Amino acid sequence: MGELIDYDLWRWTPHPEVWLLVAGALGVGVYVVRSLAPAAGEKVERRHKGFYLLAVALLWLAGDWPVHDISEDLLYSVHMVQHLLITLVVPPLLLLATPEWLARRVVDPAGPLARRLLRPLTVGVTFNVVVAITHIPWVVNTSTTNGVFHYTAHLALFVTAVAMWVPVCGPFGELRLAPLTKMFYLFAMSVLPTVPAGFLTFAQTPVYAAYDTPLRLWGVTVANDQQMAGLIMKIAGGLYLWTIIAAVFFRWAARQRAEGPAAPKPAETLTYSDVVAAFERAGEPPAEHREGQGTESP
C-alpha cells in the first residue's frame with residue numbers, strides 16, 4: 001500500500017449542518033419547557049432537563065469535528081465509537097429525558113399501529129437488522145462518499161435504536177418490560193452484534209475500501225483499525241449493556257427484599273389461666289340453652 005502518511009488531527013473542518021441540528025434540538029427543548037409544558041398545566045423536572053442536555057451534548061460530540069472527520073475518512077474504529085454513541089447512549093438518554101405527558105401527546109401507545117411497531121421482538125429484530133445492513137461493505141463505502149446516503153443510514157440507526165430502547169426505559173409504563181424479561185432482552189441485544197464484530201475482528205484482508213488509504217492517523221494500520229472496531233463493538237458495547245443488566249438485577253433484588261413477606265410471628269402458648277379468663281368473659285350460657293340441657297334424657 002506504500003508508505004504510511006500521518007494525518008494532521010488539528011485541521012479544523014466546520015460542520016454547519018451539525019450545528020443546525022444541535023441548535024434545533026435545543027430550541028425544541030426550550031419550547032417544551034417554556035411554552036408547551038405551562039400551556040398543558042405540566043412541568044419538566046430537573047432530571048429530564050439534565051438527561052436532555054447530556055443527550056444533545058453527546059450527539060454534538062458524535063457528529064462534529066474531530067470525531068466526524070476521523071470516523072468518516074480515517075479510522076473505522078472511531079466510526080464504531082460514533083455508532084455506539086448514537087445507538088446505545090443517546091437514545092436511552094432522550095427517552096429518560098421525555099416526560100410521560102409529553103410522550104403521550106406525540107404517540108398513543110394504545111393505538112393499534114404503536115402496539116404492533118413497539119413490540120419488543122419487533123423493535124429488537126429491526127434494530128439489529130439495520131445494524132447488520134450498515135456493516136455491509138457497499139453501505140459503508142457509499143456512506144463515506146455520499147452525504148445524503150450517510151445521514152440516511154445514521155438516521156435509520158438512530159430511529160430504530162430509540163424504538164429498541166422503549167421497552168427498557170421508555171416513558172410508557174405499559175410498554176416497559178418486567179425486570180427479568182428486560183434483562184433477557186438486553187442480553188439478546190448484547191449477543192446479536194457478535195456476528196459483525198467477529199467479521200471485523202478476524203478478517204484477514206481490508207473489509208472496507210474507503211478506509212484502506214495511505215493517509216493514516218497515529219500510524220494505525222488498516223488491519224489494526226478493523227480489529228479495534230470489532231472489539232469496540234463487542235466488548236465495549238457488551239460491557240455497557242451488561243452494566244445496565246446488572247443495575248436492573250440489583251434494583252429488582254433490592255425491591256424483592258423490601259417487599260418480601262414478613263417473618264411469621266411465633267405462636268403464643270395457651271395457659272390454664274387464659275382458658276379460665278376466656279370463660280369468665282363469655283359469662284353464663286343463655287337460659288333457654290340451660291333449660292334444654294336439663295330436659296335431655298340421660
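Right above here is the structure, for reference.
These notes cover the structure that comes with them.

About the criteria used
Each chain has its residues counted from 1, following the order in which its sequence is written. Whole-chain, interface and lining totals are the exception, using all residues; otherwise, since this is a predicted model, local features are given only for residues with pLDDT of at least 70 and side-chain atom pairs are given and counted only at 80 or more. As a convention, hydrogens and water are excluded, and side-chain values are obtained from all of the structure's heavy atoms. A helix here means a DSSP run of H or I that spans at least four residues, while a strand means a run of E at least two residues long, and both kinds are numbered starting from the N terminus. Summary of the burial criterion: residues with accessible area below 20% of their type's maximum are buried, those above 50% are exposed, and those between are partly exposed, where the area comes from a 1.4 Å probe applied to protein chains only. Counting of polar contacts relies on pairs of N or O atoms within 3.5 Å, with two restrictions inside protein: one atom must be capable of donating a hydrogen and the other of accepting it, and residues adjacent in sequence are counted only when both atoms are side-chain atoms. By definition in these notes, contact holds between two residues if any of their heavy atoms fall within 4.5 Å. In this description, one arc is meant: the one made by directions from the helix axis to the C-beta atoms. Throughout, nonpolar core names a set of buried Ala, Val, Leu, Ile, Met, Phe, Trp, Tyr and Cys residues whose side chains join them through atoms within 4.5 Å. Geometry is summarised by axes, namely lines fitted to C-alpha atoms with helices restricted to the contacting stretch, and by angles between N-to-C directions that run from 0 to 180 degrees. Throughout, the term roughly parallel applies to angles under 35 degrees, roughly antiparallel to angles over 145, roughly perpendicular to angles from 65 to 115, and oblique to all others. Two helices cross in a left-handed way if the nearer one is turned anticlockwise from the farther one by less than a right angle. They cross in a right-handed way if the turn is clockwise. Think of it as three bins: nonpolar holds Ala, Val, Leu, Ile, Met, Phe, Trp, Tyr, Cys and Pro, charged holds Asp, Glu, Lys and Arg, and polar takes everything else, Gly as well.

1. Quick word on the side chain of aspartate 69
Tracing the backbone shows aspartate 69 in helix H3 (residues 67-73). When its relative accessible area of 8% is taken as the criterion, aspartate 69 is described as buried. At 3.5 Å, the side chain of aspartate 69 forms a polar contact with the side chain of threonine 13. A distance of 3.0 Å separates the side chain of aspartate 69 from the side chain of histidine 15, its partner in a polar contact. Setting aside anything within four residues of it in sequence, one finds aspartate 69 in contact with Thr13, His15 and Leu74.

2. Some words on helix H11 (residues 194-201)
Within H11 the residues assigned to the buried category are Pro196, Ala197, Leu200 and Thr201. Projection of H11 onto a plane perpendicular to its axis shows the buried side chains occupying an angular sector of 135°, all on one side. The elements touched by buried residues of H11 are helix H4 (76-97) and helix H12 (222-258).

3. Details of the nonpolar core
With 38 residues, the main nonpolar core has Tyr76, Met164, Trp165, Tyr185, Leu186, Leu200 and Tyr208 as its most contacted residues. Mapped onto this core, the elements with two or more residues apiece are H4, helix H7 (120-133), helix H9 (147-169), helix H10 (179-191), H11 and H12. Examining the composition of this core, we find that 8 residues originate from one element, H9, more than from any other.

4. Considerations on the packing of H11 against H12
Packing of H11 against H12 brings their axes to within 7 Å, and their N-to-C directions diverge by 160°. Our classification of the angle between H11 and H12 gives roughly antiparallel. Considering the relative orientation of H11 and H12, their crossing is left-handed. Only Gln226, Gln227, Ala229, Gly230, Leu231, Met233 and Lys234 of H12 make contact with H11, whose side of the interface consists of Thr194, Pro196, Ala197, Leu200 and Thr201. Grouping the amino acids of the contact of H11 with H12 by side-chain chemistry returns 6 nonpolar, 5 polar and 1 charged.

Read these as geometric descriptors, not functional statements.
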